[in-house]
Amino acid sequence: MTHEEILAMLGDYVDYLIANSSAEAPMWNIEKVRSGKPNKWNYIDGCMITACLSLYKTTGDEKYLNFSKSFIDWFVQEDGSIKTYDPKEYNLDNVNQGKNLFTLYDIFGDEKYRKAIDTIRSQLATQPRTKEGNFWHKDIYPWQVWLDGTYMAQPFYMEYETRFNKMQGCIDSYKQFMNIKKHMRDAKTGLYYHGYDESRQMYWADPVTGCSPNFWLRAMGWFMVAMVDVLERMDEQLYNEYRGIMAMLKQTIEDVHKFQDEETGMFWQVMDHPGVEGNYLETSGTALFAYAVLKGVRLGYLPKRMAAWAEKAFYGTCDKYLSKNPDGSLQLDGICLVAGLGGKDHRDGSLAYYFSEPVVCNDAKGVGPLVLAYTEMIAK
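Every chain is numbered independently, its residues counted from 1 as its sequence is written. Local features are withheld for residues below a pLDDT of 70 in this predicted model, meaning they are given only at 70 or higher, and side-chain atom pairs are given and counted only at 80 or more; totals for whole chains, interfaces and linings count all residues. With hydrogens and water stripped out, all remaining heavy atoms of the structure feed into the side-chain values.

The name that an unreviewed UniProt entry assigns to the protein chain is Glycosyl hydrolase family 88, with the source organism given as Faecalibacterium langellae.

The structure is reproduced here in structure tokens:
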């Protein structure tokens, strides 16, 4: 397929997804729909609504805005409570969708969105923290910081503090990034480990560093996007902190790029073990790299020369894993269904563990990032 055909095909794919989705049964979250369980407020829907709102901004087409509004309105009640969401669950994943409430509040001015923003902010006010001040990833994972948690919570936190709280928590957000750099960055590769356990008690944690053993691609992808999204919401008056996160972002992209597959432009599920038996070129994390870099270049945080790396990743993913079924529907393959640390399944962060998780097609965790990358491809 030509590049033009790929972009046209993805445009049709997004339209197909939203035409066949509702808040109760989002087509991109096919696992949830098939399970028969009701949908809940979750981070992956947050990704898709972020993408739809971005498409509205780029194209001006009201269908994207109307879909986003009706989706969110199914959850958000007049008093600012959010159906299926409990702040006291203390799960950072649940904060992500909150970013979209700011956009809807700005467009429609409806106070229920402002109240819902405060509902989510109340979670962060009492979210348990490490001794150094980082949010625990979830209440059920004490003393643990996971890389993907930065994407889930920090952009919302930075926007709230900048707009509604006289920037009081902005330095706190910045310090959380610096702690991650201090503890989770590997000096040799420049890559960041998936998880860190401050208590060093978890079976997956190194007894000296507290870090999990490997570099999982999708966690790295969320982390790169987190830095871009936080910069976008940060006030440049925070001169040193703003430049600190920008320098961290640029260095991370430089370091990650060294692991980009020469032939396909993609990245491996476990990043620094290319070609090892069981490892594979993975869709979601590659798409997140493309999205982070394209957006970072567009907003002036990254040098223009990096856009070529992102485009190679984007088109490489589409060439390898995007196809059309005989009935005209699209298929996106090569998506790691899930990966975590700890819990009852003995998720130990080993290579064997990351290679053992199912590789699926059309799951939201791959579709969402690719659609986000697509929104940047057409926004240039």
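Alright, that's what it looks like, and here's the rest.
Colleague: Please clarify how the packing of aromatic side chains should be interpreted in this entry.
Modeller: Two measures describe an aromatic ring pair: the distance that separates the ring centres and the angle between the ring planes. Only Phe, Tyr and Trp rings take part, Trp by its six-membered ring, and two of them pair if their centres are within 6.5 Å. Stacked means planes under 30 degrees apart, edge-to-face means over 60, and tilted covers everything else. Here the structure, examined in full by the defined rule, presents 23 aromatic pairs. Ring plane angle 85° and centroid distance 6.1 Å describe the contact between Tyr-43 and Trp-222, whose orientation is recorded as edge-to-face. Separated by 179 residues along the polypeptide, Tyr-43 in helix α3 (residues 43–59) and Trp-222 in helix α9 (residues 217–233) bring together distant segments of the chain. What links up through ring pairs into an aromatic cluster is the set Trp-28, Trp-41, Phe-67, Phe-71, Trp-74 and Phe-75. Should the NZ of a Lys or the CZ of an Arg lie within 6 Å of a ring centre and within 35 degrees of the ring normal, that charge is described as sitting over the ring. When the ring centre of Trp-143 is taken as origin, the NZ or CZ atom of Lys-131, which lies over that ring, is 5.2 Å away. Every helix listed is a DSSP run of H or I at least four residues long, and every strand listed is a run of E at least two residues long, numbered separately from the N terminus.

Colleague: What exactly am I supposed to notice about empty space enclosed by the protein here?
Modeller: Over the atoms, a rolled probe matching the size of one water molecule traces out where space is still vacant. Buriedness of a pocket was judged along seven lines, with at least five required to meet protein on both sides within 12 Å; pockets are open sets of points on a 1 Å grid over the protein atoms alone, cavities are sets where a 1.4 Å probe fits but cannot get out, and lining residues have an atom within 4 Å of a point. Grid points are joined across faces, edges and corners, and a volume is the space filled by probe spheres set on the points. Under the criterion given, the structure shown has two cavities of 30 Å³ or more. Looking at the largest cavity, its volume works out to about 90 Å³. In this structure, the largest cavity is lined by 13 residues; those nearest its centre are Val-145, Thr-150, Gln-154, Gln-176 and Ile-180. Of all elements in the fold, only β1 (144–146), α7 (149–164) and α8 (170–184) reach the threshold of two or more residues within the lining of the largest cavity. The element that contributes the greatest number of residues to the lining of the largest cavity is α7, accounting for four residues. For the lining of the largest cavity, the residue count by class is seven nonpolar, six polar and no charged. Of the pockets and cavities examined, the second largest cavity occupies roughly 40 Å³. If you go around the second largest cavity, the residues you meet are Thr-130, Glu-132, Asn-134, Val-145, Asn-179, Ile-180, His-183 and Tyr-196. The element best represented in the lining of the second largest cavity is α8, accounting for three residues. Here the lining of the second largest cavity is built from residues that sort into three nonpolar, four polar and one charged. Classification used: nonpolar for Ala, Val, Leu, Ile, Met, Phe, Trp, Tyr, Cys and Pro, charged for Asp, Glu, Lys and Arg, polar for all others including Gly.

Colleague: Sorry, what's going on with the layout of surface pockets here?
Modeller: For the largest pocket, the calculated volume is near 1,100 Å³. Residue lining of the largest pocket: 38 residues in total, with Tyr-43, Asn-91, Asp-93, Lys-138 and Val-338 positioned closest to the centre. Looking at the lining of the largest pocket element by element, the count peaks at three residues for helix α2 (residues 30–35). For the lining of the largest pocket, the residue count by class is 14 nonpolar, eight polar and 16 charged. The volume enclosed by the second largest pocket comes to roughly 510 Å³. Of all the secondary structure elements, the ones that give two or more residues to the lining of the second largest pocket are α3, α5 (99–108), α7, α9, α11 (283–298) and α14 (364–379). A breakdown of the residues in the lining of the second largest pocket according to their chemical character gives seven nonpolar, six polar and eleven charged.

Colleague: Looking at this structure, I do not really get the environment of Thr-286. What am I missing?
Modeller: With respect to the helices, strands and loops of the structure, Thr-286 is situated in helix α11. Placed 19 residues apart in sequence, Thr-286 and Arg-305 show a C-alpha to C-alpha distance of 18 Å. Residue contacts follow a heavy-atom distance rule, with two residues in contact if any of their heavy atoms lie within 4.5 Å. Setting aside anything within four residues of it in sequence, one finds Thr-286 in contact with Leu-217, Gly-265, Met-266, Phe-267, Ala-313 and Thr-317. We call two N or O atoms a polar contact when they sit within 3.5 Å, provided that within protein one can donate a hydrogen and the other can accept it, with sequence-adjacent residues counted only if both atoms are side-chain atoms. Among the polar contacts listed, one links the side chain of Thr-286 to the backbone oxygen of Glu-282, at a separation of 2.7 Å.

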